[in-house]
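Here are the chains, one letter per residue:
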Amino acid sequence: MRTIAPRFGAHSGAVSRLGITPGAGRLLLVVALFLGALLAAATPVSAHAALTGSDPKQGAVVDKAPDRVTLTFSENVAMSDGSVRVLDPSGKRVDSGKTSDFGSNTYGVKLHKGLPDGTFTVAYQVVSADSHPISGAFTFSVGAPSDTKVALPDQEVGGGFVGGLYGFARYLSYAGFILVVGGAAFVLGCWPRGAGVRPVQRLVVSGWLTLTASTLVMLLLRAPYTGSGKIADAFDMAKLGDVLQTKTGAALVSRLLLLAAAALFIAVLFGAYEKRTDPKERKDLAFGLGIGGTVVAIGLAATWAMAEHASTGIQAGIAMPVDVVHLLAVAAWLGGLAALVVALYFAPSMDSGAVRRFSRVAFCSVVALAATGLYQSWRQVGSWSALTGTSYGQLLLVKIGLVVVLVGIAWISRRWTARIAGTAGGMAPEAAAAAVVEQRARRKPVTVPAGGAGDSGAGSKGASSEAASSEGSSSKGAASAKGSSSKAPSTESSSSKAPSTEDTSLEEPSTEGTASDSPSSDASSSKNASSSKNAPKAPAKEAKDSQRAAQLARQQAAMNTAREKRIRDADPLRSGLRRSVLAEAGVAVVLLAVTTVLTSTEPGRTEEEAAASKTAAEAAQRSGPLIITIPFDTGAEDGKGTVRLDLDPGRTGSNDFHLYVKRPNGSAFDVPEVKVSFTLKSKDLGPLPVAPDRIATGHWTATGVQLPMAGKWKVAVTVRTSDIDQVTVNKNAQIG
């Protein structure tokens, strides 16, 4: 069977003193990069629903106090009693506290009767359909604006310390899901022998622990995350009960139940399955594990699909299963890649067939990711302008670029895999590597220092035979050695297949053992052995022989381990694969960070639709034409007055325009000339001139005035009161 031998480089410097191999150092670097990327991405969550309208509208001045306040959002939101608060100028609540759903994404709260005049503040805090909290506030006035004592908190809902903890736990939950699902799939589908490899077991178990712990943290932090932002509320059982009644709470509890089933799956995979030796039993158990593991993995992925982006917006019935496939493809690719990295660097050996099988799995995963990702991009972005003009679209472009880089590196890994699948001069790669090590061992014989001045005869022969056998030479020297010293290492020197390590400390017999075996050192002891009074020393000699045998066994094990390491190092094809796979892992962790940020960013389609709905709602709430009044003063003796512009209906498209010029006393002012222009600076549009016709004293009009886009327009009016006296006055107005 062909195996891929992980590379163990030589120790050096501080890394050597700490006992960390270069491969482990690279993995630590990848982990640091992963954590850094996640921490950099831990920003407050963007709102995925937006306030598009209200009654009274923001900044409105009404003559009579309304009996209720209503809010309209761009999508359905979760709202409980107390989600909307209305405060009078003194900061006292004047609402009933009970919210009502009026349909069409409109919600409201009733107000007390007999409200005083002044400025009222409306504060709201709700949860959007994709589980993200949103909040905001606006004011309206009754009678006339006034000062207000209301002070709203500066911290945005979902932010602060609690928001950071919740976001980090959310990112860790994605990472844990990828490791446990992808790692288990790698073992079961690509490398069944990996079920008995301890580093791979630790990887999968660590993924399970990470996902379980992060899910528990998210469940506890859900109440303060969507509410007060105080960490103490995480232990409020009443609020935890409210969380369990929400869609997100149900998804988190379902995830914990599925993780209990996943724990049983992992126990069987690394227990009963790994210990099975009968091929038929192992195959049957693998089939059962495959069915059960697939069901659990789909269920875990569905806990995200049913509570986040896929559950809202257009085509939710199609988007949720597509999202499940997308998550499973990510786990199979990136989780399998993590298991492959661990196996290449820490497993004793690895089947080359496992790499080829994973290469095929990765290719299928990339195809699935491309298909599902294309659909999700269309659904979440919706237009080319949103792709480049929104945060979601820009992050999506970054993600696409990282995927292209990752696929390129994966193609390089596939080339290395294809080369490994071949042979080196008709030999398997590891056999060629072993031959290289044997040749090196013959070129570099190791001289073993003498055990003492009196070492000679049979004792020295025994030492020589031990050294020769450890270097892979003939075992005849050991067989011809005399005395107990030649018998002790016989198990060590009976095979010439294990060349020695280049570390002479592993090859030297101890001075104590060699001296005890030499004739010179044993001359007096042999005389004493013939004497009956020294008979009690026989057990001491037997104890020394046992220690000698144990020491030689340890030396043999160390030399065998060193030989395996050198065989791995001599493999000419594995280092390239390890480098490319490690590069894949580095790009993959950054890609994971970008993906998790995408899930907490408002989709481009939603952002554009919310902006359009808000503009339309503001225009619909306006009663009558847009009226603008601007005072002017040309500086002449009779140069003061007021200009009033009426724009009907005051929206984008065609409008009727009327302009009135009046003196300070309110009478019509018959000025020689009036010019008007409109400029939208945010879109670099204009000035758009308007040439009104005079139809009466102080009255000009124009029809079909076109305003192509909504926004804050600058209205410029030039008034000439004489041949030399004129002035241009400006005022901004929201149109559309």
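Residues numbered from 1 in each chain as written. Predicted model: local features only at pLDDT ≥ 70, side-chain atom pairs only at ≥ 80, totals over all residues. Heavy atoms only, no water.

Moving on, we come to the overall build of the protein. In terms of regular secondary structure, the protein is built from 22 helices and 20 strands. The proportion of buried residues among the 736 residues of the protein is 46%. Pairs at least 24 apart in sequence give 73% of the contacts found in the protein among residues at least 6 apart. On the protein, roughly 35,600 Å² of surface is accessible, and the fraction owed to carbon and sulfur atoms is 59%. (Helix = DSSP H or I, 4+ residues; strand = E, 2+ residues; numbered from the N terminus. Buried < 20%, exposed > 50% of the residue type's maximum accessible area, 1.4 Å probe, protein only. Contact = heavy atoms within 4.5 Å. Areas by Shrake-Rupley, 256 points an atom, 1.4 Å probe, with all protein chains shown as cover.)

On to the packing of aromatic side chains, then. If you walk through the whole model with that rule in mind, you get 10 aromatic pairs. The interplanar angle of 75 degrees and the centroid separation of 5.7 Å between the aromatic rings of Phe73 and Tyr124 together place this pair among those described as edge-to-face. Separated by 51 residues along the polypeptide, Phe73 in strand β4 (residues 68-73) and Tyr124 in strand β9 (residues 118-128) bring together distant segments of the chain. In this structure Phe73 comes out as buried when scored by relative accessible area, which is 3%. Look at Phe186 and Phe358: their rings are 5.7 Å apart centre to centre, the planes differ by 75 degrees, and that puts the pair in the edge-to-face class. Pair noted here: Phe186 is in helix α3 (residues 160-189) and Phe358 is in helix α10 (residues 352-381), with a separation of 172 residues, a long-range link. For the pair Phe186 and Phe358, one class covers both residues: buried. Counting every residue linked through ring pairs, the aromatic cluster contains Phe73, Tyr107 and Tyr124. Stacked on the ring of Trp304, the Lys or Arg Arg255 has its end atom at 3.8 Å from the ring centre. (Phe/Tyr/Trp six-rings, centres within 6.5 Å; stacked < 30°, edge-to-face > 60°. Lys NZ or Arg CZ within 6 Å of the ring centre and 35° of its normal.)

Time to look at the packing of helix α8 (residues 279-305) against helix α9 (residues 316-346). For the pair α8 and α9, the least separation of the axes is 9 Å and the interaxial angle reads 120 degrees. Here α8 lies oblique to α9, going by the angle between them. The handedness of the crossing between α8 and α9 is right-handed. Seen from α8, the contacting residues are Ala297, Ile298, Ala301, Ala302, Trp304 and Ala305; seen from α9, they are Met320, Asp323, Val324, Leu327 and Leu328. Within the contact of α8 with α9, the residues separate by chemical class into 10 nonpolar, no polar and one charged. (Axes fitted to C-alpha atoms, helices over the stretch in contact; angles between N-to-C directions. Parallel < 35°, antiparallel > 145°, perpendicular 65-115°, else oblique. Left-handed = near helix turned anticlockwise from the far one by under 90°. Nonpolar A, V, L, I, M, F, W, Y, C, P; charged D, E, K, R; others polar.)

Ranked by internal contacts, the top residues of the largest apolar core, which has 66 residues, are Phe177, Phe186, Trp191, Leu269, Leu340, Met350 and Phe358. Counting only elements with at least two residues in this core, the list comes to α3, α4 (198-226), α6 (247-269), α8, α9, α10, α12 (391-421) and α21 (574-599). Of the residues forming this core, the biggest block, 15 residues, is contributed by α9. Excluding residues within four positions of it along the chain, Phe177 makes contact with Gly182, Leu211, Ala297, Leu300, Ala301, Trp304, Leu327, Leu328 and Ala331. Core analysis: the next-biggest nonpolar cluster, separate from the first, contains 29 residues, Phe657, Val661, Leu680 and Val715 among them. (Core = buried A, V, L, I, M, F, W, Y, C linked by side-chain atoms within 4.5 Å.)

Turning our eyes to something else, we now look at the pairing of strand β15 (residues 673-680). Burial runs high along β15: six of the eight residues are buried. Sheet analysis places β15 next to strand β19 (residues 711-720), joined by seven bridges and oriented antiparallel. Bridge assignment links Glu673 to a residue of β19, and that residue is Arg720. Pairing of β15 with strand β16 (residues 685-690) involves four bridges; the strand directions are antiparallel. Looking at β16, one finds that Leu680 is bridged to Leu685. The hairpin formed by β15 and β16 contains four residues between the paired strands, and Asp684 there has a positive phi angle of roughly 55 degrees. (Pairing = 2+ DSSP bridges.)

Turning to the confidence of the model for the protein, a few remarks are in order. On average, residues of the protein score 75 in pLDDT, and 71% of them are at 70 or above. Taken as a whole, residues 30-47 scores under 50 in pLDDT and shows 33 contacts with residues more than four places along the chain or in a different chain. A low-confidence stretch, residues 444-534 stays under pLDDT 50, and its non-local contacts, those more than four residues away or across chains, total 117 contacts. (pLDDT = per-residue confidence, 0-100.)

The next subject is the pairing of strand β2 (residues 51-55). Most of β2 is tucked away: four of the five residues are buried. Here four bridges tie β2 to β4, and the two strands are oriented antiparallel to one another. Paired with Asp55 across the two strands is Thr70, which belongs to β4.

Turning to its location among the elements, Ala185 is positioned in helix α3. Looking at Ala185, the relative accessible area reads 38%, which means it is partly exposed.

Taken together, the side chains of Lys64, Arg68, Lys110 and Lys113 make up a positively charged region of the molecular surface. Looking at the secondary structure, you find Lys110 in strand β8 (residues 106-111). (Patch = residues over 30% accessible without salt bridge, like charges linked within 9 Å, V, L, I, M, F, W, Y side chains within 5 Å. Salt bridge = Lys/Arg side-chain N within 4 Å of Asp/Glu carboxyl O. Lys, Arg positive; Asp, Glu negative; His and termini not counted. Charge placed at Lys NZ, Arg CZ, Asp CG, Glu CD.)

Looking along the chain, the bond that leaves Asp55 and enters Pro56 is cis, with omega of 0 degrees. For the bond running from Asp648 to Pro649, omega is 15 degrees, close enough to zero to count as cis. By the secondary structure assignment, Pro649 is in the loop between β13 (640-648) and β14 (653-662). The phi torsion at Gln315 lies on the positive side, around 50 degrees, for a residue other than glycine. Along the polypeptide, Gln315 turns up in the loop between α8 and α9. Judged by relative accessible area, which is 39%, Gln315 ranks as partly exposed. Unlike most non-glycine residues, Asp684 shows phi in positive territory, near 55 degrees. Within the secondary structure, Asp684 sits in the loop between β15 and β16.

A word on the sheet that holds β16. Across a sheet, strands are paired by hydrogen bonds formed along the backbone, either parallel or antiparallel in direction. Within the open sheet, the four strands sit side by side as β16-β15-β19-β20. Their pairing is antiparallel. Looking at strand neighbours, the two that pair on one side only are β16 and β20 (726-735), the edges of this open sheet. Between one strand and the next, the sheet's axes are offset by a mean angle of 20 degrees, whatever the strand orientation.

The subject of this paragraph is the packing of α3 against α8. Two elements in contact, α3 and α8, have axes whose closest approach is 11 Å; the angle formed by their N-to-C orientations is 165 degrees. As summarised for this structure, α3 and α8 are arranged roughly antiparallel, according to the angle between their axes. Relative to α8, the crossing made by α3 is left-handed. Here Ser173, Tyr174, Phe177, Val181 and Leu188 of α3 come into contact with α8, specifically with Ala286, Leu289, Gly290, Ala297, Leu300, Ala301 and Trp304. Residue classes in the contact of α3 with α8 are distributed as 10 nonpolar, two polar and no charged.

By the definition in use, this model includes 11 salt bridges. Taking the shortest distance from any N to any O, the salt bridge between Arg276 and Glu281 comes out at 3.6 Å. Residue Asp670 is joined to Arg694 by a salt bridge in which the shortest nitrogen-to-oxygen separation is 3.0 Å. One end of the pair, Asp670, is in the loop between β14 and β15; the other, Arg694, is in strand β17 (residues 693-696), with 24 residues separating them in the sequence. Of the residues examined, Asp670 reaches a relative accessible area of 41% and is grouped as partly exposed.

Right, let's get into empty space enclosed by the protein. As enumerated under the stated definition, the model contains three cavities of 30 Å³ or more in all. There is about 110 Å³ of room inside the largest cavity. Lining the largest cavity are 15 residues, with Ser131, Tyr166, Met218, Thr248 and Glu308 positioned closest to its centre. When the residues that make up the lining of the largest cavity are grouped by side-chain class, the tally is seven nonpolar, four polar and four charged. (1 Å grid on protein atoms, 1.4 Å probe; cavity = no way out; pocket = protein on both sides within 12 Å on 5 of 7 lines; lining within 4 Å. Points joined across faces, edges and corners; volume = space filled by probe spheres on them.)

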